[in-house]
Amino acid sequence: MKPKGRINRKLLMFVLILGVLMLVMTVVLLYLTLQQEENNRAITIDPDTMELVQLEPPKDGDPIAVVDTSLGEFRFVLYPEYSPAAVKNFIDHAESGFYDGTYVFNSESGVYSYAGSKSRSGDMTEANDEAGERIERELHQNLWPFKGAVCSIPTYSERTFKQKLLGGGTYYNGTRFAVLNSIEFDGDTKQELLDNSASEELGQAFIEQGGIPNLSQQMTIIGQTYEGMDVVEKLASLESENNGYYKIPKEDVMINSVTISEYGNEQDNR
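Let me begin by describing the structure that accompanies this report. (Residues numbered from 1 in each chain as written. Predicted model: local features only at pLDDT ≥ 70, side-chain atom pairs only at ≥ 80, totals over all residues. Heavy atoms only, no water.)

## So, the overall build of the protein chain
- Check the secondary structure of the protein chain and you find six helices and eleven strands.
- Each of the 270 residues in the protein chain was classed as buried or not, and the buried ones make up 44%.
- The contacts of the protein chain with a sequence gap of at least 6 include a subset with a gap of at least 24, amounting to 76%.
- Carbon together with sulfur atoms contributes 52% to the accessible area of the protein chain, which is approximately 14800 Å² in total. (Helix = DSSP H or I, 4+ residues; strand = E, 2+ residues; numbered from the N terminus. Buried < 20%, exposed > 50% of the residue type's maximum accessible area, 1.4 Å probe, protein only. Contact = heavy atoms within 4.5 Å. Areas by Shrake-Rupley, 256 points an atom, 1.4 Å probe, with all protein chains shown as cover.)

Written out as structure tokens, the structure is:
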């Protein structure tokens, strides 16, 4: 005959396991119920109306930014129709001279670079205005993190406890910007991309153009590089040292100036 204490322990273990399973099921059901309502981090993609505007060359009159760096110049077309607040923030700061003499403060293994910081370490509290760092994130189905995309770097987020658990909240970006190069696309990555993209056209675009698919609909895209892609590649591939948060270039690389112009202007022609 088994001791009653052992039977009680088994019963207690069964009850505990059952309780944990019920709790997990409750949380999952709650998540599925509230996810659509609470999760405003993403947007709905309609492949039938999506336009991959970054694959098109700029047109006469399009706003552009000419970025002069210590490694050369690159130019990108701006998209105020899709990211109006972020583009305005960038233009306002560029025209005020804010970016003159700022640092490229992160160079991530050939994949992307971060620029526009007053501090070599990327500390945005030094000489950056708070209003310019709280621009609500803007996502659009026509903009994707292809190679050469220029994005506003996230700064702050406002989330309730429930949103931290289930997703959602309000996300902000600021004055500093990222310039995307590309990940490596091996056979498995290409197939996974085609299997999971919103459309075959989008998946093929990443494969042909390069980029960082896992950043899709995560960052505000303000522009697309159309000239100086070699500089974009250099900025992403600098010898750097890890400060625990950023990979800071060992030798200072500077943004000398950012000039706002229009594509097709005489000064833009060669």
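## So, the packing of aromatic side chains
- Scanning all chains against the criterion turns up 14 aromatic pairs.
- Each ring, one from Phe90 and one from Tyr99, has its centre 5.2 Å from the other, and the planes form 35°; the classification is tilted. Per residue, the accessibility class of Phe90 equals that of Tyr99, and both read buried.
- When the centroid spacing of 4.7 Å and the interplanar angle of 80° are considered together, the rings of Tyr245 and Tyr246 count as edge-to-face.
- Tyr245 gets classed as exposed once you look at its relative accessible area, which sits at 66%.
- Three or more aromatic residues joined by ring pairs form one cluster here, namely Phe74, Phe76, Phe90, Phe98, Tyr99 and Phe177.
- Seen from the ring of Tyr156, Arg134 lies directly overhead, with NZ or CZ sitting 3.9 Å from the centre.
- Taking NZ or CZ as reference, Arg134 lies 5.8 Å from the ring centre of Tyr172, over its face. (Phe/Tyr/Trp six-rings, centres within 6.5 Å; stacked < 30°, edge-to-face > 60°. Lys NZ or Arg CZ within 6 Å of the ring centre and 35° of its normal.)

## Describing the nonpolar core
- Judged by nonpolar contacts, the single largest core of 26 residues is most densely connected at Phe74, Phe76, Phe90, Tyr99, Phe177, Ile255 and Val258.
- For this core, the secondary structure elements donating two or more residues are strand S1 (63-69), strand S2 (72-78), helix H2 (84-95), strand S7 (170-180), helix H6 (229-236) and strand S11 (254-262).
- Residue contributions to this core peak at five residues, all from H2.
- Counting residues in each nonpolar core, the second largest holds 20 residues, with Val53, Tyr82, Leu180 and Ile212 among its members. (Core = buried A, V, L, I, M, F, W, Y, C linked by side-chain atoms within 4.5 Å.)

## Quick word on empty space enclosed by the protein
- Tallied over the full model, the rule gives two cavities of 30 Å³ or more.
- Roughly 80 Å³ of volume is contained in the largest cavity.
- Across the lining of the largest cavity, the residue classes break down as eight nonpolar, five polar and one charged.
- Empty space within the second largest cavity amounts to approximately 40 Å³.
- Broken down by secondary-structure element, the contributors of at least two residues to the lining of the second largest cavity are H2 and S7.
- Among the elements that make up the lining of the second largest cavity, the one with the highest residue count is S7 (four residues).
- Across the lining of the second largest cavity, the residue classes tally to five nonpolar, four polar and one charged. (1 Å grid on protein atoms, 1.4 Å probe; cavity = no way out; pocket = protein on both sides within 12 Å on 5 of 7 lines; lining within 4 Å. Points joined across faces, edges and corners; volume = space filled by probe spheres on them. Nonpolar A, V, L, I, M, F, W, Y, C, P; charged D, E, K, R; others polar.)

## Comments concerning the pattern of salt bridges
- Throughout the structure, instances matching the rule amount to nine salt bridges.
- Glu108 is paired through a salt bridge with Lys247; the nearest N and O atoms lie 3.2 Å apart. With Glu108 in strand S3 (residues 102-108) and Lys247 in strand S10 (residues 247-249), this pair connects stretches of sequence that are 139 residues apart.
- A relative accessible area of 24% places Lys247 in the partly exposed class.
- A salt bridge links Asp252 to Arg120, with the shortest nitrogen-to-oxygen separation between them at 2.6 Å. Highlighted residues: Asp252 in the loop between S10 and S11 and Arg120 in the loop between strand S4 (112-117) and strand S5 (135-136), separated in sequence by 132 residues.
- Residue classification places Asp252 among the partly exposed positions, given a relative accessible area of 43%.
- For Arg120, a relative accessible area of 28% gives the class partly exposed. (Salt bridge = Lys/Arg side-chain N within 4 Å of Asp/Glu carboxyl O.)

## Here's the deal with helix H5 (residues 200-209)
- Along H5, the positions that sit buried rather than exposed are Leu202, Gly203, Ala205 and Phe206. Axial view of H5: buried residues confined to an arc of 155°, hence all on one face. Opposite the buried face of H5, by more than 90 degrees, sit the exposed residues Glu200 and Glu208.
- Gly210, located one to two residues past H5, shows a positive phi value of around 85°. (Arc of directions from axis to C-beta.)

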